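Residue-level structural notes
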2 protein chains.
Amino acid sequence: MSFLREISPLVKNMFLSERDVLSIRAAQIAAEIQQGERKNYNEVLDLSSGDLHRGGIKPITFVRQVLAACFYPALLEDDSLPFDVKQRANGLLRQCDGGSVGSYTDSCGIGKIKQCVSQFITRRDGGVPSSPDNIFLTSGSQMALMFMVKLLVQSEGSCRTGVLIPVPTYATFTEALEDQRAAIIPYQLCEEQGWTLQMEELRRALHAGRRTCNPVALYICNPGNPTGHIQSRKSIEEVIRFAAEERLFLLADEVYQSCVYREDTKFESYKKVLSEMGSTISSTVELASFNSASKGFMGECGLRGGYMELVNLDPAVKEYTRKLFSTRSSPPVGGQIALDLMTDPPKPGDPSFPTFSEEVQSIKNMISKNACRIQEVFCEIPGISCQPLKAGFFVFPCLHLPPRAIKWAKKKQMEPDMLYCLHLLEETGLHVRPGGEFGQRKDSYHFRLFVATHEDTMEDVLQRLKTFHKRFMKEFS
Amino acid sequence: MSFLREISPLVKNMFLSERDVLSIRAAQIAAEIQQGERKNYNEVLDLSSGDLHRGGIKPITFVRQVLAACFYPALLEDDSLPFDVKQRANGLLRQCDGGSVGSYTDSCGIGKIKQCVSQFITRRDGGVPSSPDNIFLTSGSQMALMFMVKLLVQSEGSCRTGVLIPVPTYATFTEALEDQRAAIIPYQLCEEQGWTLQMEELRRALHAGRRTCNPVALYICNPGNPTGHIQSRKSIEEVIRFAAEERLFLLADEVYQSCVYREDTKFESYKKVLSEMGSTISSTVELASFNSASKGFMGECGLRGGYMELVNLDPAVKEYTRKLFSTRSSPPVGGQIALDLMTDPPKPGDPSFPTFSEEVQSIKNMISKNACRIQEVFCEIPGISCQPLKAGFFVFPCLHLPPRAIKWAKKKQMEPDMLYCLHLLEETGLHVRPGGEFGQRKDSYHFRLFVATHEDTMEDVLQRLKTFHKRFMKEFS
Ligand SMILES: Cc1ncc(COP(=O)(O)O)c(C=O)c1O
Ligand SMILES: Cc1ncc(COP(=O)(O)O)c(C=O)c1O
């Protein structure tokens with residue numbers, strides 16, 4: 001009796017098609033090194049995911065102290081913890097049933113923390129009101145995105161629900177769409193102009209999509225993963241106007257909103273821009289915006305804390321959303337606490353403020369410096385071009401591969417960027433992801449590089465990359 | 001532009017139909033008391049959910065100490081924490097990328113913790129082998145259940161996927177089925193015989209189901225929520241044989257496996273019994289078994305730690321399951337740690353052992369005592385009958401309501417058990433859930449009572465209930 005027969009072949013193919021050979025090989029190499037095998041390098045450097053702590057960045061002390069005191073309240077008697085840490089932990093415990101982080105919470109999250117999040121949003125957006133009622137806390141923002149996709153594909157209609165997504169894009173969102181059998185409508189970002197979003201392209205994609213499905217939503221990732229770009233206000237306005245005209249639901253993935261590295265760049269939320277576009281638009285365009293404790297300078301991916309804010313949703317739909325949430329049980333309390341601390345960090349004058357701001361600033365400085373060095377080094381390497389890193393945790397350099405390398409890859413039944421990444425891993429121990437995972441224009445090749453790691457590590461990475469790349473290009477020229 | 005139009009009316013009705021008036025009223029009353037309003041009671045006693053800490057039970061010290069040290073490793077230098085706590089925390093941190101619980105983990109969970117879980121299962125089942133490869137850690141067992149439902153409804157076929165579920169049952173699972181548009185095939189547990197599962201009834205239900213859908217799975221909750229029963233070995237064998245004959249996938253919800261209160265009762269897992277039924281059956285019947293850190297004596301609901309073990313799944317399906325998991329990102333690390341501690345608790349000789357075992361034993365004793373008192377008191381109350389509590393966190397007493405009460409409820413367009421619970425809440429401050437939420441035989445009425453609370457509280461609850469019930473019966477007789 002096998003259950004496999006029962007599973008739709010469609011879905012089966014989607015997922016079974018490609019094993020993650022790169023990660024498997026990375027793990028093997030790490031094991032080989034541990035068993036004493038000699039390589040040109042001492043360890044595998046994992047630059048494959050957007051994970052600060054994995055990359056060696058230390059957690060923020062304030063965050064961990066509050067968490068420790070919440071989990072083990074005996075620490076509230078401990079003299080070694082700062083006063084504001086204890087005060088915060090005490091306040092949070094009062095919000096938990098039975099005074100314990102071990103109790104279930106409301107499935108949309110603890111009320112007081114939702115309030116904290118909405119106050120943060122109001123401050124961030126220069127006063128645009130936000131209500132806790134529109135905030136939904138989740139076990140990471142990925143869960144919130146999956147939830148919205150599920151909601152969207154339930155819409156009626158004779159044909160499949162379609163969602164517009166950028167190319168390249170955050171791959172796990174694409175998987176969530178596939179998982180829900182939504183139709184994917186790709187729109188191409190313009191690499192040459194710094195991965196900007198072009199309105200003609202968006203229009204083309206929508207009209208193409210309408211021929212095969214029922215497009216209901218537009219997903220934007222701003223700041224961008226894997227592109228490292230950030231949208232201008234003008235571009236956001238254009239997108240909103242487009243959504244209004246075409247009656248599209250906006251999914252604004254803004255998890256990298258606090259990771260902006262240049263003096264001349266500023267993050268503006270979709271919600272803020274929307275609120276300033278005149279009432280016909282500002283009161284009608286439906287928007288879900290996402291943020292996460294995994295990103296920013298806290299980088300608490302393992303706690304699983306994310307939230308979404310819903311804007312302009314019909315009250316009945318909001319009620320329905322709440323009901324649907326209630327079938328999912330609480331988001332993890334640790335993640336909820338992380339969101340509280342992220343959206344209401346220590347203030348000047350608080351005992352924890354000096355250490356806190358020093359720690360945050362040093363991470364910011366580190367990434368800014370890395371951004372410059374990446375730019376410098378990539379400029380020197382023939383056959384790589386890279387749009388400037390303005391925000392987020394990644395760059396997405398373009399590989400101008402010699403035709404022989406491409407031919408050889410095809411012969412090996414492999415994508416050329418995958419081949420490049422596999423060789424890079426094998427020869428230098430660097431684990432980066434091939435562009436194909438995120439989508440890329442046909443016959444263009446990229447890789448995604450995580451940039452939020454120590455300056456020394458980054459320097460090492462860049463030198464290994466440079467040496468490897470030259471050798472690779474020479475071999476195939 | 002409203003998105004509501006777009007949502008399938010089917011799903012809309014399912015969820016919008018009933019607001020949770022009972023919880024809303026409970027919150028209102030709590031607020032009224034806080035504002036100084038006088039009532040016959042000083043506080044609302046929440047016996048509505050299966051949440052130890054909410055009910056006032058203290059967390060297990062060892063668990064919280066290890067968690068605190070993992071979140072804030074500076075505590076590893078602290079002399080106040082026992083040696084085995086530090087050792088465990090250190091070991092767990094070594095399993096986290098970058099040595100931080102803030103890193104993403106494998107989406108099926110940390111390998112070492114899966115190993116710990118599988119060793120626990122092997123010990124529990126007297127040596128039946130278990131492989132970490134078949135263990136999937138999740139953000140609570142509810143998530144694992146939802147995941148399996150999703151997997152099951154993807155099966156092909158001209159008609160809807162059906163799942164057999166007991167009546168009464170754990171309501172959130174039913175919601176997960178509705179959420180995935182699975183067809184629900186109810187089978188009635190036999191209240192008069194202690195909520196046992198009757199094979200004729202199961203057969204009847206399956207054949208009835210086959211007329212309208214494609215039944216592929218059978219869900220069992222053992223020990224039972226809300227019934228407090230536990231299945232005999234013979235009954236488990238019958239169910240397994242039935243599953244083999246009818247080619248049904250078994251979903252064994254065993255989250256209350258460690259909550260057994262009588263000397264003469266013992267929990268035996270479906271996996272263990274299956275393994276002892278001869279190779280034609282033991283190597284073919286497909287089984288998913290669920291467990292959780294929320295239940296047992298740890299009661300860490302807020303951490304969100306659950307797992308499932310898959311048995312006899314086709315390797316390709318397992319691979320597919322893993323792929324599907326990978327679109328969901330990590331379960332929260334705090335919940336994973338809780339599972340590690342649950343499945344590998346302190347042993348005799350460990351510094352934490354005395355306190356640990358004392359804490360666990362006192363919770364066990366408390367519930368056992370409550371079970372006896374509940375039995376005694378319900379025997380004295382005319383118009384209530386209650387099957388004995390053998391395991392789990394709940395009893396599900398039957399209300400023999402006078403016809404006038406039923407008539408009056410119908411006139412108020414309310415279910416009689418709901419009316420009863422609302423009055424109980426209003427007059428005594430007790431918040432229990434009406435039987436209708438869990439399913440009950442037509443024209444029978446129940447309520448579900450949480451039993452894992454302090455003896456004094458339970459005594460208070462029983463007295464309030466007794467007084468109220470007598471008054472209620474008199475009023476309507
Ligand atoms: C653009 C984007 N959105 C969402 C997420 C999900 O993050 P999480 O689920 O950890 O909040 C990620 C993670 O890498 C991301 O890059
Ligand atoms: C029978 C049963 N299964 C599963 C669950 C889900 O528990 P959790 O998701 O907290 O692990 C519960 C919770 O009450 C339950 O009673």
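Looking at an unreviewed UniProt entry, one finds chain A named alanine transaminase, with Phoxinus phoxinus as its source organism. Recorded in UniProt under Catalytic activity (unreviewed entry), the annotation for chain A is "L-alanine + 2-oxoglutarate = pyruvate + L-glutamate".

**A word on the overall build of chain A**
Counting its regular elements, chain A contains 17 helices and 14 strands. In summary, chain A has a C-alpha radius of gyration of 23 Å against a globular reference of 23 Å for 477 residues, a match within 12%. Summarising its shape, the C-alpha atoms of chain A cover approximately 65 × 60 × 60 Å along the three principal directions. The buried share among the 477 residues of chain A stands at 62%. Of the contacts made within chain A by residues no fewer than 6 positions apart, 72% connect residues no fewer than 24 positions apart. Carbon and sulfur atoms make up 50% of the accessible area of chain A, which amounts to about 18300 Å² in all. Counting 56 positive and 57 negative side-chain charges, chain A places the centres of these two groups 4 Å from one another.

**Regarding the site of ligand 1**
Taken together, 14 residues lie near ligand 1, and S141, D253, S292 and S294 of chain A together with Y104 of chain B sit nearest. One finds residues of chains A and B in close proximity to ligand 1. One nitrogen or oxygen atom from the side chain of S294 of chain A is found 2.6 Å from an oxygen atom belonging to ligand 1. In this structure, an oxygen atom belonging to ligand 1 sits 2.6 Å away from a side-chain N or O atom of Y104 of chain B. Of the residues that constitute the shell around ligand 1, the class distribution is five nonpolar, six polar and three charged.

**Points about the environment of G111 of chain A**
All names here are of chain A. Along the polypeptide, G111 turns up in helix α5 (residues 111-124). For G111, a relative accessible area of 40% puts it in the partly exposed group. Each C-alpha atom of the pair G111 and F396 lies 39 Å from the other, and the pair is 285 residues apart in sequence.

**Side note on the pattern of salt bridges**
When charged atoms on two side chains of opposite charge get close, those side chains can pair. All names here are of chain A. Counting across every chain of the model gives 66 salt bridges over all chains. One salt bridge connects E32 with K39, and the closest N-O pair in it is separated by 2.6 Å. For E32, a relative accessible area of 16% puts it in the buried group. Close ionic contact of D125 with R124 constitutes a salt bridge, the shortest N to O distance being 2.9 Å. What makes D125 buried here is its relative accessible area of 1%. Taking relative accessible area as the criterion, R124 reaches 22% and is therefore assigned partly exposed. Among the ionic contacts, a cluster of salt bridges with common partners joins R25, E32, E37, K39 and E426.

**Details of the site of ligand 2**
The environment of ligand 2 is formed by 15 residues, the closest being Y104 of chain A together with S141, D253, S292 and S294 of chain B. Ligand 2 is flanked by residues contributed from chains A and B. Note that an oxygen atom of ligand 2 is positioned 2.6 Å from one of the side-chain N or O atoms of S294 of chain B. Measuring from an oxygen atom of ligand 2, one finds a side-chain N or O atom of R304 of chain B at 2.8 Å. Coverage of ligand 2 by the protein chains reaches 96% of its 400 Å² of free accessible surface. Residue contributions to the shell around ligand 2 peak at three residues, all from helix α6 (residues 141-153) of chain B. Residues that form the shell around ligand 2 fall into these classes: six nonpolar, six polar and three charged.

**Notes on the domain arrangement of chain A**
Residue and element names in this part refer to chain A. Domain boundaries in chain A define domain 1 (3-57 + 357-476) and domain 2 (104-343). Using only C-alpha atoms to locate each centre, domain 1 and domain 2 end up separated by 27 Å. Contacts between the two partners involve 32 residues from domain 1 and, on the opposite side, 35 residues from domain 2. With both chains or domains summed, domain 1 and domain 2 bury close to 2800 Å², and 59% of this area falls on carbon and sulfur atoms. Looking at the side of domain 1 facing domain 2, the largest losses of area belong to Q387, K390 and R441, adding up to 22% of the total buried there. For the interface between domain 1 and domain 2, the tally reads one salt bridge. Across the pair E192 and R441 runs a salt bridge, and its minimum N-O distance is 3.4 Å.

**Thoughts on the sheet that holds strand β7 (residues 287-292) of chain B**
Residues and elements named next belong to chain B. A sheet is described by the order of its strands in space; here seven strands give the open sequence β2-β8-β7-β6-β5-β3-β4, paired in mixed fashion. Looking at strand neighbours, the two that pair on one side only are β2 (135-138) and β4 (183-188), the edges of this open sheet. Within this sheet the neighbouring strands show an average axis-to-axis angle of 25°, counted without direction. Both strand β3 (residues 161-167) and strand β5 (residues 214-221) contribute to a ladder of four bridges, which runs parallel. Along β5, the bridge assignment pairs T161 with N214.

**Here we look at the pairing of strand β8 (residues 306-311) of chain A**
All names here are of chain A. Counted residue by residue, β8 has six buried out of six residues, so it is predominantly covered. Residues G306, M308 and L310 point to one face of β8 and Y307, E309 and V311 to the other, with burial holding for every one of them. One ladder, built from four bridges, connects strand β2 (residues 135-138) with β8; its direction is antiparallel. Residue F136 lies in a different strand from β8, and its bridge partner there is M308. Here strand β7 (residues 287-292) pairs with β8 via six bridges, running antiparallel. Each residue of the ladder has a partner; that of A288, found in β8, is L310.

**Observations concerning the nonpolar core**
One finds F378 of chain A together with F378 of chain B to be the most contacted residues of the largest nonpolar core, which totals 186 residues. The contacts of F378 of chain B, once residues within four sequence positions are left out, are I384, C386, V395, P397, F447, L449, L462 and L465 of chain B.

**What about the side chain of E359 of chain B?**
Residues and elements named next belong to chain B. You can see E359 is positioned in helix α14 (residues 353-380). With no salt bridge to any partner, buried E359 finds its closest opposite charge in R64, at an N-O distance of 9.8 Å. Apart from the residues within four sequence positions on either side, E359 is in contact with I60 and T61.

**Quick look at helix α3 (residues 61-71) of chain B**
Counting buried positions over the eleven residues of α3 of chain B gives ten, a clear majority of the element. By the burial criterion, the buried members of α3 of chain B are F62, V63, R64, Q65, V66, L67, A68, A69, C70 and F71 of chain B.

**Let's talk about helix α17 (residues 455-476) of chain A**
Between the first and last C-alpha of α17 of chain A there are 31 Å, a value that for 22 residues agrees with the 32 Å anticipated at 1.5 Å per step. Looking only at α17 of chain A, the buried set comprises M458, V461, L462, R464, L465, K466, F468, H469, F472, M473 and F476 of chain A.

**As for the environment of C70 of chain A**
Tracing the sequence through the fold places C70 of chain A in helix α3 (residues 61-71). A relative accessible area of 1% means that C70 of chain A is categorised as buried. Once residues lying within four places of it in the same chain are set aside, the contact partners of C70 of chain A are A89, L92, L93, V101 and I337 of chain A together with R64 of chain B.

**Looking at the sheet that holds strand β5 (residues 214-221) of chain A**
Residues and elements named next belong to chain A. Pairing within the open sheet is mixed, and its seven strands lie in the order β2-β8-β7-β6-β5-β3-β4. Whereas interior strands pair on both sides, the edge strands pair on one side only; in this sheet they are β2 and β4 (183-188). Across the sheet, the mean angle separating the axes of adjacent strands is 25° when strand polarity is ignored. Contacts from helix α6 (residues 141-153) reach β2, β3 (161-167), β5, β6 (249-253), β7 and β8 within the one sheet, and its direction differs from that of β7 by about 160°.

**A few points about the packing of aromatic side chains**
All names here are of chain A. This structure, assessed with the given rule, holds 35 aromatic pairs over all chains. Ring geometry for Y420 versus F468: centroids 5.2 Å apart, planes at 80°, classification edge-to-face. One end of the pair, Y420, is in helix α16 (residues 416-428); the other, F468, is in helix α17, with 48 residues separating them in the sequence. Of the two residues, Y420 and F468, both sit in the buried class.

**Looking at unusual backbone geometry**
Cis geometry is found at the peptide bond from N222 of chain B to P223 of chain B, where omega equals -10°. When you line up the elements, P223 of chain B lands in the loop between β5 and α9 (233-246). Omega for the peptide link from N225 of chain B to P226 of chain B comes to 10°, which places this bond in the cis form. Mapped onto the elements, P226 of chain B comes out in the loop between β5 and α9. Notably, W195 of chain A is not glycine yet its phi reads approximately 60°, a positive angle.

Criteria and cut-off values
Residues numbered from 1 in each chain as written. Chains lettered and ligands numbered in written order. Predicted model: local features only at pLDDT ≥ 70, side-chain atom pairs only at ≥ 80, totals over all residues. Heavy atoms only, no water. UniProt positions renumbered as here; feature names shortened; annotations may be inferred. Helix = DSSP H or I, 4+ residues; strand = E, 2+ residues; numbered from the N terminus. Rg over C-alpha atoms; globule rule 2.2 N^0.38 Å. Buried < 20%, exposed > 50% of the residue type's maximum accessible area, 1.4 Å probe, protein only. Contact = heavy atoms within 4.5 Å. Areas by Shrake-Rupley, 256 points an atom, 1.4 Å probe, with all protein chains shown as cover. Lys, Arg positive; Asp, Glu negative; His and termini not counted. Charge placed at Lys NZ, Arg CZ, Asp CG, Glu CD. Near = heavy atom within 4 Å. Polar contact = N/O pair within 3.5 Å; in protein donor to acceptor, adjacent residues only side chain to side chain. Nonpolar A, V, L, I, M, F, W, Y, C, P; charged D, E, K, R; others polar. Salt bridge = Lys/Arg side-chain N within 4 Å of Asp/Glu carboxyl O. Domains from an automatic or database assignment. Buried area = accessible area lost by both parts, 1.4 Å probe. Pairing = 2+ DSSP bridges. Axes fitted to C-alpha atoms, helices over the stretch in contact; angles between N-to-C directions. Core = buried A, V, L, I, M, F, W, Y, C linked by side-chain atoms within 4.5 Å. Expected span 1.5 Å × (residues − 1). Phe/Tyr/Trp six-rings, centres within 6.5 Å; stacked < 30°, edge-to-face > 60°.

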